[in-house]
Amino acid sequence: MAAEITTVYRARGAAHPWRWLALGLMALAVLLPLLPLLLWSFAFRWAFPSLLPAEWSLRPWRYIAAPESQVGLALANSLALGVVVTLLAALIGLPAGRALGLYQFRGKRLVEFLILAPVIVPGLAVVLGIHVLFIRYGLSETFAGVALVHLIPTVPYMTLVMASVFANYDTQFEDQARVLGATPWRAFRLVTLPAIWPGVVVGALFAFLISWSQYVLTLLIGGGAVITLPLLLFAFAGSGDNAITAALCLVFVAPAVLLLFFTSRYLGGEPAAVSGFGKL
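Attention in this report is confined to the structure presented alongside it.

Put simply, helix α7 (residues 143–166) and helix α9 (residues 184–212) touch, their axes get as near as 9 Å, and they point 155° apart. Here α9 runs roughly antiparallel to α7, going by the angle between their axes. The crossing of α7 and α9 is right-handed. Across the interface between the two elements, H150, P153, T154, Y157, M158, V161, M162, V165 and F166 from α7 touch T192, I196, G199, V200, V202, G203, A204, F206, A207, I210 and S211 from α9. When the residues that make up the contact of α7 with α9 are grouped by side-chain class, the tally is 14 nonpolar, 6 polar and no charged.

Bringing the packing of helix α4 (residues 71–102) against α7 into the picture now. At a minimum axis distance of 6 Å, the contact between α4 and α7 shows a crossing angle of 40°. For the element pair α4 / α7, the angle class is oblique. Viewed along their axes, α4 and α7 form a crossing whose handedness is right-handed. For the contact of α4 with α7, the class distribution of residues is 21 nonpolar, 7 polar and 1 charged.

Now for the nonpolar core. Grouped together as the largest cluster of nonpolar side chains are 25 residues, with contacts concentrated most on M162 and I196. Breaking this core down by element, the ones donating at least two residues are α4, α6 (123–136), α7, α9 and α10 (216–222). For this core, the element with the most residues is α7, which contributes 9 residues. Each residue touching M162, except ones within four places of it in the same chain, is listed here: G93, L94, G97, I196, G199 and V200. Counting residues in hydrophobic clusters, the runner-up holds 16 residues, among them V71, W212, C249 and V251.

Quick notes on the rules
Residues numbered from 1 in each chain as written. Predicted model: local features only at pLDDT ≥ 70, side-chain atom pairs only at ≥ 80, totals over all residues. Heavy atoms only, no water. Axes fitted to C-alpha atoms, helices over the stretch in contact; angles between N-to-C directions. Helix = DSSP H or I, 4+ residues; strand = E, 2+ residues; numbered from the N terminus. Parallel < 35°, antiparallel > 145°, perpendicular 65-115°, else oblique. Left-handed = near helix turned anticlockwise from the far one by under 90°. Contact = heavy atoms within 4.5 Å. Nonpolar A, V, L, I, M, F, W, Y, C, P; charged D, E, K, R; others polar. Core = buried A, V, L, I, M, F, W, Y, C linked by side-chain atoms within 4.5 Å. Buried < 20%, exposed > 50% of the residue type's maximum accessible area, 1.4 Å probe, protein only.

Rendered as structure tokens:
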């Protein structure tokens with residue numbers, strides 16, 4: 001037994017350098033395409049075929065830092081929307097995923113299809129019908145309306161990720177906690193949540209990134225009253241000002257890259273729900 005344990009640890013130690021090499025290559029693949037944007041964001045004059053800008057300037061970053069650019073407001077709105085939508089998607093996706101992952105019932109495939117329908121159907125077709133209802137109930141051009149419409153593409157991903165996690169979850173852990181006197185909330189907090197936490201993080205990552213990058217839904221429901229980074233980015237992308245567009249791209253990409261970096265360990269390594277992502 002001791003020899004087997006020693007062999008396992010040696011194998012892990014040998015694989016450790018390769019793991020860091022793979023992580024380094026992944027980081028290079030993510031960050032390398034951002035290098036031209038970084039150069040453009042400091043360029044004042046950059047003509048073909050020069051490899052580097054002929055003149056440098058801080059004009060794009062001065063503009064972004066200026067209050068009249070509304071970049072700060074757009075960043076705050078995007079972050080707030082991402083957090084609110086992620087929390088709401090988790091509140092909906094956790095119980096829905098548990099039901100789909102743990103139980104077999106008549107019409108389950110139909111329910112799964114209906115959950116996926118918002119992803120399959122073009123978002124523009126869906127939101128045009130919803131827009132009429134939002135105008136009627138005063139949700140158009142409001143933060144709450146934009147947050148609600150962002151749930152259309154985010155809830156399916158959150159639900160299916162959690163359903164896959166719960167497909168391999170053993171409810172006997174909860175039963176043992178209840179037998180030992182734990183309340184339902186205490187059993188969930190101390191037993192269920194730690195077991196499914198990697199899946200929750202992965203689903204939340206999907207939900208946040210999808211909400212963060214929404215343009216069409218935000219534009220139609222927000223009506224220009226709720227300004228987010230994608231709205232500003234698309235506006236400047238058609239203006240011909242490459243320097244400010246590049247700086248906005250970096251501001252837009254930075255939070256998503258940082259979030260992916262801090263949650264990357266949940267995308268692999270320790271299994272979710274004790275034995276990994278299951279098959280529905």
